[in-house]
Amino acid sequence: MLIRPRTPGDLEACVKALAGVHAADRYPVDWPDDPGGWLTPRGLERAWVAAEDGAVLGHVGLTADLEVTRLFVVPAARGRGLAELLLDAARAAAGGRPVTLEVSSEGTAAIARYERSGWRRTGSSRATWLNAAGEPALLHHYVSPPPR
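What comes next concerns the included structure.

What counts as what
- Residues numbered from 1 in each chain as written.
- Predicted model: local features only at pLDDT ≥ 70, side-chain atom pairs only at ≥ 80, totals over all residues.
- Heavy atoms only, no water.
- Helix = DSSP H or I, 4+ residues; strand = E, 2+ residues; numbered from the N terminus.
- Contact = heavy atoms within 4.5 Å.
- Pairing = 2+ DSSP bridges.
- Axes fitted to C-alpha atoms, helices over the stretch in contact; angles between N-to-C directions.
- Buried < 20%, exposed > 50% of the residue type's maximum accessible area, 1.4 Å probe, protein only.
- Phe/Tyr/Trp six-rings, centres within 6.5 Å; stacked < 30°, edge-to-face > 60°.
- Lys NZ or Arg CZ within 6 Å of the ring centre and 35° of its normal.

This next bit is on the side chain of Thr-69. Relative to the helices and strands, Thr-69 resides in strand E4 (residues 68–73). What Thr-69 contacts, discounting residues up to four positions off in sequence, is Pro-41, Leu-44, Val-60, Gly-61, Leu-62 and Thr-63.

Let's shift gears to the sheet that holds E4. The strand order across the open sheet built from 4 strands is E1-E2-E3-E4, with neighbouring strands paired in antiparallel fashion. Only two strands of the sheet have a single partner each, and these edge strands are strand E1 (2–5) and E4. Strand-to-strand twist in this sheet, taken as the mean axis angle between neighbours without regard to direction, amounts to 20°. Where helix H1 (residues 11–25) meets the sheet, its contacts fall on strand E2 (44–52), strand E3 (55–63) and E4, and the angle it forms with E4 comes to roughly 70°. Contacting E1, E2, E3 and E4, helix H3 (residues 82–93) runs over the sheet at an angle of about 155° to E4.

Here the focus is unusual backbone geometry. Apart from glycine, the bulk of residues carry a negative phi angle, and the bulk of peptide bonds sit in the trans form. Residue Tyr-27 is joined to Pro-28 through a cis peptide bond whose omega torsion reads -5°. Looking at where Pro-28 falls in the secondary structure, it is placed in the loop between H1 and helix H2 (35–38). Its identity as a non-glycine residue notwithstanding, Arg-26 has a phi of 60°, on the positive side. With respect to the helices and strands, Arg-26 occurs in the loop between H1 and H2. Located in the positive-phi region is Arg-70, a residue other than glycine, with phi close to 55°. Residue classification places Arg-70 among the buried positions, given a relative accessible area of 18%.

Our next topic: the environment of Trp-119. Inspection of the secondary structure assignment puts Trp-119 in the loop between helix H4 (108–116) and strand E6 (120–130). Among the residues examined, Trp-119 registers a relative accessible area of 4% and is labelled buried. Residues Trp-119 and Leu-101 lie 18 residues apart in sequence; the distance between their C-alpha atoms is 9.4 Å. If near-sequence neighbours (up to four positions away) are discounted, Trp-119 is found in contact with Val-68, Leu-87, Arg-91, Val-99, Thr-100, Leu-101, Tyr-114, Tyr-142, Val-143, Ser-144 and Pro-145.

Right, let's get into the packing of aromatic side chains. Think of a pair of aromatic rings as described by two things: how far the centres are apart, and how the planes are tilted against each other in angle. Taken as a whole and judged by the stated rule, the model has 3 aromatic pairs. Relative to Trp-38, the ring of Tyr-27 lies with its centre 5.6 Å away and its plane at 75°, an arrangement referred to as edge-to-face. On the criterion of sequence distance, the pair formed by Tyr-27 in the loop between H1 and H2 and Trp-38 in helix H2 is long-range, its members being 11 residues apart. Given the relative accessible area of 29%, Tyr-27 is considered partly exposed. Classification of Trp-38 as buried rests on a relative accessible area of 18%. Counting every residue linked through ring pairs, the aromatic cluster contains Tyr-114, Trp-119 and Tyr-142. The aromatic ring of Tyr-114 is capped on one face by Arg-113, whose charged end is 5.5 Å from the ring centroid.

Shown next as structure tokens:
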């Protein structure tokens, strides 16, 4: 397994992986009309993939303002530490500066992983999109722990 920068040639495999995550976890909550565009939001500075045997197993992006975005790992590859490795790639690119992320309150496993890893919740807010209950999603905001 390899964590490496995402290339334009990876986008189709990333969309396929994201479709599997969406089917299992409803992430993203609403399937985008342009999933490749969703994986490349405005302000995205860099992105990485976890790849093995030509398949994309995970993805993370980092925006110009040092926010982690579009983090996911396919269900079949979970439990191998890929999310942490992807987060490490994004944090390394930040050069020791803190990075931030936001996660829906429905992402209880992700929240537990962040908090076990030393991420600190800095606040919460309501999203402009709806959660599974049809209400504005509750987002928790986190800042990364100091560099190891």
